[in-house]
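Report on the structure
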Amino acid sequence: MTGLVTTTPALETRALVAGYEPDLPIVRGVDLSVAPGELLVVLGPNGAGKSTFVKAIAGVAPIHGGSVTLAGRDITDVPAHRKITQGLAFVPQTENIFATLSIHENLQLAAAVLPKPVRPDRIRALYDRFPDLAIAPSRLAGALSGGQRQMLAVARALIVDPPLIILDEPSAGLSPKIVSEVFEMLQRINATGVTVILVEQNVKAALKIASRAVILVEGQIRHEGAATALLDDPILAKLYLGTGHARNHSREAELP
Ligand SMILES: Nc1ncnc2c1ncn2[C@@H]1O[C@H](COP(=O)(O)OP(=O)(O)O)[C@@H](O)[C@H]1O
Ligand SMILES: [Mg+2]
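This report concerns the structure included in the present document. Here the structure is a predicted model, which means the values were calculated and not measured.

**Regarding the sheet that holds strand β9 (residues 212-217)**
- Strand order in this open sheet of 6 strands is β6-β7-β8-β3-β9-β10, and the pairing throughout is mixed. Because the sheet does not close on itself, it has two edges, and the strands there are β6 (88-91) and β10 (220-226). Taking each pair of neighbouring strands and ignoring which way they run, the sheet shows an average axis angle of 15°.
- Both strand β3 (residues 39-43) and β9 contribute to a ladder of 4 bridges, which runs parallel. Following the sheet pairing, V41 is matched in β9 by A213.
- Strands in contact with helix α1 (residues 50-58) are β3, β6, β7 (164-168), β8 (195-199) and β9; relative to β6, the strand with the most contacts, it is inclined by about 145°.
- Sheet contacts for helix α7 (residues 176-191): β3, β7 and β8; angle to β8, the most-contacted strand, approximately 155°.

**Let's talk about the pairing of β7**
- Within β7, 5 of the 5 residues are buried, leaving the element largely enclosed by the surrounding structure.
- Side chains L164, I166 and D168 project from β7 onto one buried face, and the interleaved I165 and L167 project onto a second face that is buried too.
- Note that β6 and β7 share 4 bridges and pair parallel. Bridge pairing links V91 to L167 in β7.
- Where β7 lies against β8, 5 bridges are found, and the strand directions are parallel. Note that in β8 the partner of L167 across the bridge is L198.
- Traced from β7 through α7 to β8, the parallel crossover comes out right-handed.

**What to know about the nonpolar core**
- One finds L43, F130, V154, I165 and L207 to be the most contacted residues of the largest nonpolar core, which totals 53 residues.
- Other than its neighbours up to four places away in sequence, L207 contacts V41, L43, A213, A227, L230, L231 and L236.
- With 27 residues, the next largest nonpolar core counts V78, I166, I197 and L216 among its residues.

**Quick look at the site of ligand 1**
- In the vicinity of ligand 1, the residues found are Y20, I26, P45, N46, G47, A48, G49, K50, S51 and T52.
- Interatomic distance of 2.5 Å between a side-chain N/O atom of T52 and an oxygen atom of ligand 1.
- For ligand 1, the accessible surface in isolation is 560 Å², of which the surrounding protein chains cover 57%.
- Here the shell around ligand 1 is composed, by residue class, of 4 nonpolar, 5 polar and 1 charged.

**Quick notes on helix α3 (residues 103-111)**
- Listed in full, the buried residues belonging to α3 are I103, N106, L107, A110 and A111. Along the axis of α3, the buried positions cluster into a sector of 135°, meaning they face one direction only.
- In this fold, the buried residues of α3 make contact with α4 (119-129), α5 (131-134) and α6 (146-157).

**Some details on the packing of α3 against α6**
- Closest axis-to-axis distance for the α3/α6 pair is 9 Å, and the angle between their directions is 25°. The angle between the axes of α3 and α6 places the two elements in the roughly parallel class. Where α3 crosses over α6, the two elements pack in a sense that is right-handed. Here I103, N106, L107, L109 and A110 of α3 come into contact with α6, specifically with L152, A155 and R156.
- Of the residues assigned to the contact of α3 with α6, the class counts are 6 nonpolar, 1 polar and 1 charged.

**A short note on the pattern of salt bridges**
- According to the stated counting rule, one finds 6 salt bridges in the structure shown.
- Here R212 and E38 are joined by a salt bridge, their closest N and O atoms 2.5 Å apart. With R212 in strand β9 and E38 in the loop between β2 (27-34) and β3, this pair connects stretches of sequence that are 174 residues apart.
- The structure contains a network of salt bridges with shared partners spanning E38, R212 and E224.

Parameters at a glance
Residues numbered from 1 in each chain as written. Chains lettered and ligands numbered in written order. Predicted model: local features only at pLDDT ≥ 70, side-chain atom pairs only at ≥ 80, totals over all residues. Heavy atoms only, no water. Pairing = 2+ DSSP bridges. Helix = DSSP H or I, 4+ residues; strand = E, 2+ residues; numbered from the N terminus. Axes fitted to C-alpha atoms, helices over the stretch in contact; angles between N-to-C directions. Contact = heavy atoms within 4.5 Å. Buried < 20%, exposed > 50% of the residue type's maximum accessible area, 1.4 Å probe, protein only. Right-handed = clockwise from strand over helix to strand, strands pointing away. Core = buried A, V, L, I, M, F, W, Y, C linked by side-chain atoms within 4.5 Å. Near = heavy atom within 4 Å. Polar contact = N/O pair within 3.5 Å; in protein donor to acceptor, adjacent residues only side chain to side chain. Areas by Shrake-Rupley, 256 points an atom, 1.4 Å probe, with all protein chains shown as cover. Nonpolar A, V, L, I, M, F, W, Y, C, P; charged D, E, K, R; others polar. Arc of directions from axis to C-beta. Parallel < 35°, antiparallel > 145°, perpendicular 65-115°, else oblique. Left-handed = near helix turned anticlockwise from the far one by under 90°. Salt bridge = Lys/Arg side-chain N within 4 Å of Asp/Glu carboxyl O.

Given below as structure tokens:
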């Protein structure tokens, strides 16, 4: 790459302020630029504002200042359902599937944002991409394993064939083996050219698949850098173990 080449970011936030009450900002001025094709992980302690940040981007938490652009287009004030059709897929941490509906019904509902004629083809494409879901389309989503549920949630988000997908802690509550499966799925999606923004508490596993990481602390970006470099950075131990002292001479500190 030469310094002369500029690409439009897949997603950019500028001085983003968001929160549930105007006088109580949770996200406090975040500048973030994500390049097309990146797999970016957003880390940070509990309550740092990670979920509020991605919810604000997706249009489901109130924005009080700053801007969000998707592939160069300002989407700050676009309602959530239109952000989806404009190519921003969001998988929230909870309530990301309808447990009382079947796999197929879940996909049909997700497809409702699309024009009717294209829906069957898009659903078929998802079954090709997620063969596990195709095995039993009539199965109730509530009867699926944790890993399969995440797969269904991601499949729902991919219905519009988006260039960008944002996931909020997709590995929460899953066993280590299933976490690997979910992360492998995200790597495969990323390998097809989809930009991925991943909020995670599973720090080490996430850093292994990410290209870049940002750490959010008290609603602001505290650190930004290559994911592999961060794996050995004492700032992680400091933030996650809450010792206040980075253990510079030891890599023994276990992260969550
Ligand atoms: N729906 C909500 N209404 C009011 N406050 C909220 C809501 N959701 C989260 N908060 C508050 O916002 C802060 C950041 O929460 P959150 O964005 O969920 O952090 P994280 O995802 O990093 O754990 C916390 O203090 C939390 O109590
Ligand atoms: Mg959260």
